[in-house]
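Residue-level structure breakdown
Given next are the chains, with one letter for each unit.
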Amino acid sequence: MAISAISHILVKLGMISTSDHTSVVSMNLFVALLCACIVIGHLLEENRWMNESITALVIGLCTGVVILLTTKGTSSHLLVFSEDLFFIYLLPPIIFNAGFQVKKKQFFRNFMTIILFGAVGTLISFFIISLGAMYLFNKLLNIGSLDIGLGDYLAIGAIFSATDSVCTLQVLNQDETPLLYSLVFGEGVVNDATSVVLFNAIQSFDLSNINSKTAFQFIGNFLYLFISSTLLGVLAGLLSAYIIKKLYFGRHSTDREVALMMLMAYFSYMLAELCNLSAILTVFFCGIVMSHYTWHNVTESSRVTTKHTFATLSFVAEIFIFLYVGMDALDIERWRLVSDSPAKSVKLSSILLGLVLVGRAAFVFLLSFLSNLTKKSNYDKIDFKKQITIWWAGLMRGAVSMALAYNKFTESDAKLRKNAFMITSTITVVLFSTVVFGLMTKPLVRYLLPSPKPFTSMTSSEPSSPKSFIIEPLLGNGQCSESTSQNIPRPSSIRMLLTTPSRSVHHYWRKFDNSFMRPVFGGRGFVPFVPGSPTERENPQWQ
């Protein structure tokens, strides 16, 4: 209110233009809506159906309706969607925080399975959606007038291969279902990166003359982007760790080391964009490296500050995105262009939604079967209920799909019928999948994966040391009561303990890390004590 009053006075005095005043008012209203989303989301936290993503989407839809009524059908949103706004400002804090907060042991323990689902699975889904759209659009719809070419079909495959697993992740618990959470979470990040890399590769290739050489170039370019982006993120994280470890910024100002961590993370993202790499992968692995090395090199107060700052920025950015998607879904100009063919628009959206379901199922169950063949321990295998949860988690489409659709179908003329049909169909799929599938996510997950008994909370998904992995209840000191011991799943735990290899990849990595990496870049237990320097008090979950 104060900002609105000040802006109104400045307009009267001629110090700012009317357009600037309108922008200030729009920002005021949008910030107020963000606050409303947080408050309402908190009140609905224990609700069986709702979550914050759906809450923001519904509030955005309601706001869009109100704006449509007040502007007499001329506009439905407060801000104009910008691809730069999404990819440059909103996406980096979300992806970085995902890497920064990840439980690394579980993530890398299941790294090959995550890559299998996130990269290979996305490619399978991409081909099924692209080929399915090409066949069904021509057979079931009269799309000759829309002039959809090969590049458009491949772009559609990339757009609708990008998942949004936020709803499922809000329901799952890292400590109760560590394997499932790491798979859903890791696959979501790798999937987004793979979809964006695929989309960019399609945009840069000449599709008028496709041959075997072009296919090999496409695969080589994909692998180059994947590996280069990952290495850039790792290097940026190591550089920040080395600088902070050597200079001890915290002796003089915790603000400097916090600022350096934030800027180095954002610098890695922008450098990847500058080099035409996958910025999503870069900033994700930068977050993982920073949490492993850099975070332990800063002072205690800086650790608390960075942990909550990154989480807060990610939280606000996610709400911002869903709120805007809800408002932009009612863009009246695009709906007018497809209003003369509502049946075609519905069929188009239905076909795309069906292809999303089929494309997801085509690889989840197959790759889960292949992954299980390589697992010796039943604990590491993906049972059928978990497969259903992983399949369901990837059915929702969100902001990445919206951003890629805007990039492809508004680059020439947003008012073309083809572009209008594709944008409105993307909006329909995003809304339907997020609201309908999202509302069903919490009861479905609770049904498939009921909460374990209170005892299971004693077992952390990422113990502070390999020996603490369920050893305590098995080799207890006799203080456990008889009733408690009866609730301990001894056979499965012993089997799981015995089938876990004593010389795993993680074991050799820790030896290498302790011998070569941590003495140079710092980390937990490897920071020398200097007055004012990082302390040795650690939180085990950040190991």
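The rules behind each value
Residues numbered from 1 in each chain as written. Predicted model: local features only at pLDDT ≥ 70, side-chain atom pairs only at ≥ 80, totals over all residues. Heavy atoms only, no water. UniProt positions renumbered as here; feature names shortened; annotations may be inferred. Helix = DSSP H or I, 4+ residues; strand = E, 2+ residues; numbered from the N terminus. Buried < 20%, exposed > 50% of the residue type's maximum accessible area, 1.4 Å probe, protein only. Contact = heavy atoms within 4.5 Å. Salt bridge = Lys/Arg side-chain N within 4 Å of Asp/Glu carboxyl O. Axes fitted to C-alpha atoms, helices over the stretch in contact; angles between N-to-C directions. Parallel < 35°, antiparallel > 145°, perpendicular 65-115°, else oblique. Left-handed = near helix turned anticlockwise from the far one by under 90°. Nonpolar A, V, L, I, M, F, W, Y, C, P; charged D, E, K, R; others polar. Core = buried A, V, L, I, M, F, W, Y, C linked by side-chain atoms within 4.5 Å. Disulfide = S-S within 2.5 Å. Phe/Tyr/Trp six-rings, centres within 6.5 Å; stacked < 30°, edge-to-face > 60°. Expected span 1.5 Å × (residues − 1). Arc of directions from axis to C-beta. Patch = residues over 30% accessible without salt bridge, like charges linked within 9 Å, V, L, I, M, F, W, Y side chains within 5 Å. Areas by Shrake-Rupley, 256 points an atom, 1.4 Å probe, with all protein chains shown as cover.

The protein chain is annotated in an unreviewed UniProt entry as Sodium/hydrogen exchanger of Trapa natans. The heading Subcellular location (unreviewed entry) in the UniProt record of the protein chain holds the text "Membrane". For the record of the protein chain, the UniProt heading Sequence similarities (unreviewed entry) holds the text "Belongs to the monovalent cation:proton antiporter 1 (CPA1) transporter (TC 2.A.36) family."

**So, the overall build of the protein chain**
Scanning the protein chain from terminus to terminus reveals 22 helices and zero strands. By the burial criterion, 51% of the 543 residues in the protein chain qualify as buried. Of the contacts formed within the protein chain by residues at least 6 apart in sequence, a portion of 82% connects residues at least 24 apart.

**A few points about the pattern of salt bridges**
According to the stated counting rule, one finds five salt bridges in the structure shown. Two residues, R360 and E187, come together in a salt bridge whose shortest N-O distance is 2.6 Å. Within this pair, whereas R360 is found in helix 15 (residues 342–373), its partner E187 is found in helix 9 (residues 178–204), the two being separated by 173 residues in sequence. The salt bridge involving E300 is made with R303; its shortest N-O contact spans 3.1 Å. Residue E300 and its partner R303 are both found in helix 13 (residues 300–328); the two are separated by three residues, about one turn of the helix.

**Here's the deal with unusual backbone geometry**
Non-glycine residue N276 carries a positive phi angle of around 60 degrees. Within the fold, N276 resides in the loop between helix 11 (254–274) and helix 12 (279–297).

**A closer look at the environment of L448**
Within the element layout of this structure, L448 appears in helix 18 (residues 417–448). Judged by relative accessible area, L448 falls into the buried class, the value being 11%. For L448 and K385, which are 63 residues apart along the polypeptide, the C-alpha to C-alpha distance reads 6.0 Å. Contacts of L448, omitting those with residues within four sequence positions, involve K385, I388 and T389.

**Some thoughts on the packing of helix 15 against helix 18**
Contact geometry of helix 15 with helix 18 gives a least axis separation of 9 Å together with a crossing angle of 55 degrees. Judged on the interaxial angle alone, helix 18 and helix 15 are oblique. You can see that helix 15 and helix 18 cross each other, and the crossing is right-handed. Contact residues: K344, S345, L348, S349, L352, L353 and L357 in helix 15; F421, M422, T424, S425, T428, V429, F432 and F437 in helix 18. Grouping the constituent residues of the contact of helix 15 with helix 18 by class yields nine nonpolar, five polar and one charged.

**Looking at the packing of helix 4 (residues 83–101) against helix 12**
At a minimum axis distance of 7 Å, the contact between helix 4 and helix 12 shows a crossing angle of 45 degrees. With respect to their mutual orientation, helix 4 and helix 12 come out oblique. Helix-helix and strand crossings are classified by hand; for helix 4 and helix 12 the assignment is right-handed. Mapping the contact onto sequence places L91, P92, I95, F96, A98, G99 and F100 in helix 4 and I280, V283, F284, C286, G287, I288, M290, S291 and W295 in helix 12. A breakdown of the residues in the contact of helix 4 with helix 12 according to their chemical character gives 13 nonpolar, three polar and no charged.

**Some points on the nonpolar core**
Ranked by size, the top nonpolar core spans 127 residues in total, and within it F137 and F284 carry the most contacts. Ranked by residue count, the leading element in this core is helix 9, at 14 residues. Counting six residues, the second largest nonpolar core, distinct from the first, contains L238, A241, V289 and Y293.

**Side note on the state of the cysteines**
This model, assessed by the stated rule, comprises zero disulfides. With no disulfide of its own, C37 lies closest to C35 among cysteine sulfurs, the gap being 9.2 Å.

**Some thoughts on the packing of aromatic side chains**
If you walk through the whole model with that rule in mind, you get 22 aromatic pairs. Consider the rings of F107 and F108, whose centres lie 5.1 Å apart with planes at 90 degrees: the pair is edge-to-face. Residue classification places F107 among the buried positions, given a relative accessible area of 1%. The interplanar angle of 65 degrees and the centroid separation of 6.1 Å between the aromatic rings of W391 and W392 together place this pair among those described as edge-to-face. W392 shares its class with W391; the two are buried.

**A look at helix 11**
With 21 residues, helix 11 extends 30 Å from end C-alpha to end C-alpha; this agrees with the ideal 30 Å at 1.5 Å per step. Along helix 11, the residues that are buried comprise E257, V258, L260, M261, M264, A265, S268, Y269 and A272. What you see down the axis of helix 11 is that its buried residues fit within an arc of 165 degrees, all on one side. In helix 11, the exposed positions that point more than 90 degrees away from the buried face belong to D255, L263 and L274. Where the residues of helix 11 are buried, they touch helix 4, helix 10 (212–247), helix 12 and helix 13. Count one or two residues on from helix 11 and you reach N276, which has phi positive near 60 degrees.

**Details of a nonpolar patch on the surface**
A grouping of F216, I219, L223, I227 and L231 is seen on the molecular surface, where their side chains present a nonpolar patch of about 530 Å² in accessible area. Within the secondary structure, L223 sits in helix 10. The class for L223 is partly exposed, based on a relative accessible area of 45%.

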